[in-house]
Amino acid sequence: MERRYFFALTVGRPQDVLQRIVGIVVNSGMASLIPLVKLERKARREFYVFLGVDSDESHIPGGLGDAFRQSGLWFDEDHPLEPSQIASMVQRQDIEIHGFHSLQYRSQASEDPGDPFEQSDGWQPRQASAESCSRFEYLLHWLSARGAGTWESFKQASEILGVSVDRQDARSALRRLSLLGHIDLADDGSRWSISPRALVRFPDNPSSGFLVGQRTEILLRQVGELGPLTQTLQPYYSGPPRIELDSGVPRDADCVAARGVVDAGVTSTRLADLLPDLDAWKDSLPSLSHVNTGLYDIEQWHGGDFQPCDTVYEQDGVYYGESGMYRLSLHGTRAGRALTLFFDESAQRWLRGDWYGLRFLAMEARQDGVEAIHDSNAGELLIPAARRWPLLYERALTLASGLLPGRAANPDWLSYPRIPLNLASTLCRKLNVDLSRE
Amino acid sequence: MASYFQWNEAIAEYFAYGLTPGDTFYLSVDEEALIEIGTRLSQDEPLDAVQDFEMAVREKCVVGGQVRLPQTTPERTGEPPQCVAFLGTMVLAAHRMAPDDDIAEINYFTRLREILDMTGERGRPPGLTAPGAPEEGLWLAFNTWILHSGWQPSAERGPDGPMKFTNYPMSQSLLRAGDKEKLERDFRDAESDLGRDSDYERIGAWFFNRATAFSTHHIRTLAQEATTDRYEAIADAVYNVYGSIDWDRPISNGDGDADWRHPRRLLAGLYREFDPLFGRTTYHLFPRGQLRETRTDLNVMHNGKSEPLHREQDGQFRPLWPVHPNGGETYPITGDSRTTELHFPARSFWILTRDRHDDASGTFASRGAPRLGETFLLLCREECQEQLHILQDEDLLNWDDEPVEVPDYGGWVEYRECMVLSASWEGIIPQMPELFDELRPRSRASISLRGGLKTGRRDTWLEGYLPHLLVTSLDPTWRIRVRDVSRPDAEPLLDDTVTADAMADAMTELPGLTTGDYVIELAKGDGHPMDRRYIKVVSWDALQSTEPSMIFGTPVGDYTLQGGLLVVRQDSAREEGF
C-alpha cells in the first residue's frame, strides 16, 4: 500500500480551498486513509492541490471524489502520482502541508543560558527581602540533593525557586554560592558540584565557625545536635544565610566529623598563605591552544565597557595587540556564545577565567593602580567595586566571615567584614594592591 | 534443600541487584533466573534449582490441599516481604504458558496448579477462590516495598474482566518459555537483514515494526500492545536474546544451554558534547546500561590502558573518550567472565535524545528511542538526507532550521530538534530501511512531565514544585488518570477524558499532590492503556543529600580548594565531568 497523490488544479484562495478539503475529509472519517493535503504555496490564480492517500483503492477512498467535485475540486483520479513526482510539478519550498493525523511541530530547544561567568552586562541587584534568603536556602538544599549538574540546570532551578528571574540573576547567584563555599565550578563554568560539608572557623575567633558546602534540613538537624545554630542573613539578602555554630559550646574536630561535617579550620588564612601572587595565578589559568582571530568580532574592555577593537589579530602564528580583556563573538548566525578572554601579549596566550579576574588582569596590564583600605576598628576591608578581585582571592575574604560583601558608606566600595589586618595584608601583597589603613 | 525463606530473600536480592533509585522493578522469574539464584544459594552441592524452589513453595504455601498465602510483612526488619517467593511462583506460571496460549485465565491457573502440584481440577486453586483475588494483597505489599526501596513497581491490575488480577504476574513475565527459542529462530532467519552485531536500537525497531509478522500470539501481543513505559523493558528482553545467540552453534533447543541473561557484549552509543563558546561538537563513547546483572566492576581497555566503567546515580554509565561517529570498534572488557567486550557498532546515523532525568542539562546521547512528542538530534551521514527529506515532504518528520555540518567529522551532519509528526508511515516506501524503521514511532501516545523541581532521584519532585503533565497523542480522544499508588481502590485524584479538535499535545496541571507515590495513566478513549508514569513527591525536610557524581575544585599549591575545605591533592584530585 504505497502512498499516492491525486492532484487537482484549482482557483481561489488556498486557505479557503484547504478548509473545504479538511471539512470533507474530517466529516467523512477518512483521515486515516487520507493523511495529508499539499498545496502550492505561492499560488496566483491557479494552483495545484495534492491529496495524499494511503489506500489500495484506485480512486479516492470513501467515494469522496464526488464530494470534492461538488465542492469544485476535480481531482484527477485516473493519474495518481507517486510522492517523488510532485517535485516535478511544484518546488519543494513552495509546498504547504496540512496533515490530518499530525502533531504540531514544536522545537524544544531552550534559550542558550549564556556564559555563566559573564558580568559585563551591568547587572544590578534587585529589591530583595528576607524571603530571598529563604529562597537561596531552598536552592542550596536542592543543589545538595542533586550533587552536581550543568549551568543550565542551575539556571532553571534558580528561576523556578524565585532566586533569579533571568540569566544575569542566575550568573550572579552562581558566583555568590561559589564565593560562600557552597559550590565549585568547572573551569568554563559549564558545570557545578556541591562542595563538601565543612565547618570553617573565623580568623578573628577560631573557637567558632560557620557551615559551608552541602546542606539539607536533615543535615542541619544532625549538626544542630552539637548545639544551637545561629542564622545571619546575607547583606541585601543576596545569598543563603550564614549558619554559625554557637561559640559557647565547646566542640572538637571529631565531634563535628561525627555529624558528617569536616572541620576545615581557618580556611581564609590558610588559603591566603597558599595563594600564588598575581603573575603565578595568571600563569595557572587555562589557556586556549589557538584562537583564530579572523573568525571573531573582537571587543576590548575599556573605560567600563566593551568597545569594538580591530587592533588585535593573528599573523603567521603571532598575535599582535595590547594585553587586556577581550570579548570574542563568532561570526555568523550560529555563533554560539561570546567568549571573554585575557590576551597576554608578552606570553602570546589567551587565558580563560572568572570575569572579574580577567578584568583585574586587564587593569594590572594597564598599570591602573588598585587600592584597598583596611578599617581596623570595624575589622573590615574596603575594595572599589570597579576593582573587584578574582574569584579565588575574593573567596578568601568571604570565607573569613561567611558573608558576602556589602556596600560601604561610599557605595562605590565593597565592604568585607571580619578581615584581620594580616589577612588583608597577605592578599593585597599577592595581588599588588596598595593597602592603606584607616 | 533451601528453605522458602532462603528463596524469598535470594529472589528479592537477585532482581533488586544493580537497580538505581527510580528504576523499574520486574520480578521476571523464569527457569534461567532460578538456576542462577540456586547456584548462589547452594555453592557447595549441586541443586536442581527449579525443583527445589517449587518444593520449597509447596511446603510453605500448600497446606491441606489449599493454598495458604504467606505473610506480607518481612520476617525480620530490613528484609523483603515474605510473599516474594510465592509471587515469583505466580510469575513462573505465567512464564510457562505456551507462546500460543491465549491469555484466558484458565490457562494461567492450569500452569499455577502444576507448580503447586494441585492438578486434577481447573481454575483458581482452593485458597485463592475468595472474591476479590486474595493474592492481590501480596502484590500490593510487594509494590509498597518496592516504592519504599526507591524503585518503581511494574506489577499492576489489568482492565476489568477475567484477567484483572492475573495481569499482576503476567505483567512480570515478558518472554515466556519457548518465546526465546522462537525469537532466536526469527533472528537467524533475518540474519541477512540484521547481521550478527546489530545494536540495541536496530533490534528494538525491527521487533516493534514487524509486530504483526510474528508467528506466536504472545510475542505479537507484546509487540503490538506494549505501553510506552514498557518498551524499554521489552526491548531489553528481546535484545538479550539476540545478543546471546552463539551464531556458530546450532540453535538452542531449550535445554538450558543458552545464557539468555548475559549478552556477551556491552554496547556503546554516543554522548554529544557541545562547546557553545567555540561552536564545536565532539562525540564520546557512551556505554549503554542494559546490564543490571553484572556483579563486578568492569574495566575497558583502550590504547593499552584500563579505564573503569563508572555508573552514575541514575544508572547511566559515564561517557568515555572521544570517538568518530562512524563506529565499528570493539574494546575488551575485564572484570566479568561472561561480558567480554564493549562494542561500538558501525552506523550511518545516530538518534540522540535528551536526558529525561535532567532535561535541563542540554546534553544529547544514545538513550533509546524518543518518546512521541519528544524532539531529538539526528546525527547522520550525508547520504541519509534524501530519505529524511522524503519523510519531511510526507509530513512524517520535521526539524529546526537547516542541517548543520559537523566540521571535525567530514560527511556527517546534524539535524536538530527533530520530531516525528505522524503515525502514517505505512504508505511510504523506505529508501533506507534501517533509518526508516528507527525513526518510525512505536506508540500513538505518551506522557511527558515538564518543569517543576526534581530531586536527584529519578521521577521524584519536590512538594509544591510539581511538573506539568503533557499528553501527546495521535488519537483525538484520551483519558488521563492520576492515582495514589498506596490506595488502588480510592477515587483517582484526576480523571479526565479529553477530546481534541486536532492532533495536539495538551498540558495539564497535576492536582496538588502531597508527599507520596502516584501513578499517571494514559489510555485511549476506548480504555486501551497507552502509557504510564510513576511520580514520587517528597517534602523539603525529607530531602536527601547526594554525593556528587563529578567533583570540581581549584588547585592551590599542594591542595585543592573545594568550597571552604582545603583537601590534600592526589595525583588525580581534579575530575572534570568524565
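Residues numbered from 1 in each chain as written. Chains lettered and ligands numbered in written order. Predicted model: local features only at pLDDT ≥ 70, side-chain atom pairs only at ≥ 80, totals over all residues. Heavy atoms only, no water.

### Observations concerning empty space enclosed by the protein
Residue and element names in this part refer to chain A.
Next, step 1: Under the criterion given, the structure shown has nine cavities of 30 Å³ or more.
Next, step 2: As a volume, the second largest cavity reaches approximately 90 Å³.
Next, step 3: Every residue lining the second largest cavity is counted, 10 residues in all, and those nearest its centre are Asp115, Phe117, Thr340, Arg352 and Gly353.
Next, step 4: Residue composition of the lining of the second largest cavity, by class: four nonpolar, two polar and four charged. (1 Å grid on protein atoms, 1.4 Å probe; cavity = no way out; pocket = protein on both sides within 12 Å on 5 of 7 lines; lining within 4 Å. Points joined across faces, edges and corners; volume = space filled by probe spheres on them. Nonpolar A, V, L, I, M, F, W, Y, C, P; charged D, E, K, R; others polar.)

### Digging into the pairing of strand β24 (residues 559–562) of chain B
Residue and element names in this part refer to chain B.
Next, step 1: As defined by bridge partners, strand β23 (residues 554–556) adjoins β24 across three bridges and the pair is classed as antiparallel. Across the sheet, residue Val556 finds its bridge partner in β24, namely Tyr559.
Next, step 2: What sits between the antiparallel neighbours β23 and β24 is a turn of two residues, in which Gly557 has the positive phi angle 60°.
Next, step 3: Hairpin connection of β24 to strand β25 (residues 565–568): two residues between the antiparallel strands, including Gly563 at a positive phi of 70°. (Pairing = 2+ DSSP bridges. Helix = DSSP H or I, 4+ residues; strand = E, 2+ residues; numbered from the N terminus.)

### Section: unusual backbone geometry
Next, step 1: Positive phi outside glycine occurs at A:Asp316, with the angle close to 55°.
Next, step 2: Looking at the element boundaries, A:Asp316 is found in the loop between β15 (313–315) and β16 (318–320).

### Considering the sheet that holds β23(B)
Residues and elements named next belong to chain B.
Next, step 1: Strands sit in the order β23-β24-β25 across an open sheet of three strands; the sheet is antiparallel. With one partner strand each, in any of the chains shown, β23 and β25 form the two edges of the open sheet. Mean inter-strand twist for the sheet, computed between neighbouring axes without regard to direction, equals 35°.
Next, step 2: Note that β24 and β25 share four bridges and pair antiparallel. Following the sheet pairing, Gln562 is matched in β25 by Leu565. (Axes fitted to C-alpha atoms, helices over the stretch in contact; angles between N-to-C directions.)

### What to know about the sheet that holds strand β14 (residues 305–308) of chain A
Two strands in a sheet stick together by hydrogen bonds in their backbones, pointing the same way (parallel) or opposite ways (antiparallel).
All names here are of chain A.
Next, step 1: With respect to topology, five strands assemble into an open sheet ordered β14-β13-β17-β18-β19, the strand pairing being antiparallel. The open sheet is flanked by β14 and β19 (349–351), the only strands paired with a single partner. Ignoring strand direction, the axes of neighbouring strands in this sheet form an average angle of 40°.
Next, step 2: Sitting on the sheet, helix α11 (residues 355–365) touches β13 (296–302), β14, β17 (324–330), β18 (339–344) and β19, and the angle it makes with β18 is about 30°. (Contact = heavy atoms within 4.5 Å.)

### Brief notes about the side chain of B:Glu136
All names here are of chain B.
Next, step 1: Assignment of secondary structure puts Glu136 in helix α6 (residues 136–148).
Next, step 2: Given a relative accessible area of 8%, Glu136 falls into the buried group.
Next, step 3: Polar contacts involving the side chain of Glu136 include one to the side chain of Tyr168, which spans 2.6 Å.
Next, step 4: Filtering out sequence-adjacent residues up to four positions away, Glu136 remains in contact with Arg157, Phe165 and Tyr168. (Buried < 20%, exposed > 50% of the residue type's maximum accessible area, 1.4 Å probe, protein only. Polar contact = N/O pair within 3.5 Å; in protein donor to acceptor, adjacent residues only side chain to side chain.)

### Side note on the nonpolar core
Next, step 1: The biggest cluster of nonpolar side chains holds 53 residues, and the ones touching the most others in it are B:Trp7, B:Ile11, B:Phe15, B:Phe25, B:Leu27, B:Tyr108 and B:Phe142.
Next, step 2: Residue assignment for this core shows that the elements contributing at least two residues are α1 (4–16), α2 (31–41), α3 (49–61), α4 (84–95), α5 (105–116), α6 and α7 (167–170) of chain B.
Next, step 3: Top contributing element to this core by residue count: α4(B), with nine residues.
Next, step 4: Not counting chain neighbours up to four residues away, the residues in contact with B:Phe142 comprise B:Phe25, B:Leu27, B:Pro81, B:Val84 and B:Leu87.
Next, step 5: Membership of the second largest hydrophobic core comes to 40 residues, among which are A:Leu271, A:Leu285, A:Phe360 and A:Trp389. (Core = buried A, V, L, I, M, F, W, Y, C linked by side-chain atoms within 4.5 Å.)

### Observations regarding the packing of helix α9 (residues 267–274) of chain A against helix α13 (residues 421–430) of chain A
Residues and elements named next belong to chain A.
Next, step 1: For the pair α9 and α13, interaxial distance at closest approach is 9 Å and the crossing angle is 30°. Compared by their axis directions, α9 and α13 come out roughly parallel. Seen from above, α9 lies across α13 with left-handed handedness. Mapping the contact onto sequence places Ser268, Thr269, Ala272, Asp273 and Leu274 in α9 and Leu423, Thr426, Leu427 and Lys430 in α13.
Next, step 2: Across the contact of α9 with α13, the residue classes tally to four nonpolar, three polar and two charged. (Parallel < 35°, antiparallel > 145°, perpendicular 65-115°, else oblique. Left-handed = near helix turned anticlockwise from the far one by under 90°.)

### Quick look at the interface of chain A and chain B
Next, step 1: Contacts between the two partners involve 79 residues from chain A and, on the opposite side, 82 residues from chain B.
Next, step 2: For the pair chain A and chain B, the two sides together bury roughly 6,500 Å², of which 57% comes from carbon and sulfur.
Next, step 3: Looking at the side of chain A facing chain B, the largest losses of area belong to A:Leu103, A:Tyr105 and A:Gln108, adding up to 13% of the total buried there.
Next, step 4: There are four salt bridges connecting chain A and chain B.
Next, step 5: In this structure, B:Glu394 engages A:Arg3 in a salt bridge whose closest nitrogen and oxygen atoms are separated by 3.2 Å. (Buried area = accessible area lost by both parts, 1.4 Å probe. Salt bridge = Lys/Arg side-chain N within 4 Å of Asp/Glu carboxyl O.)

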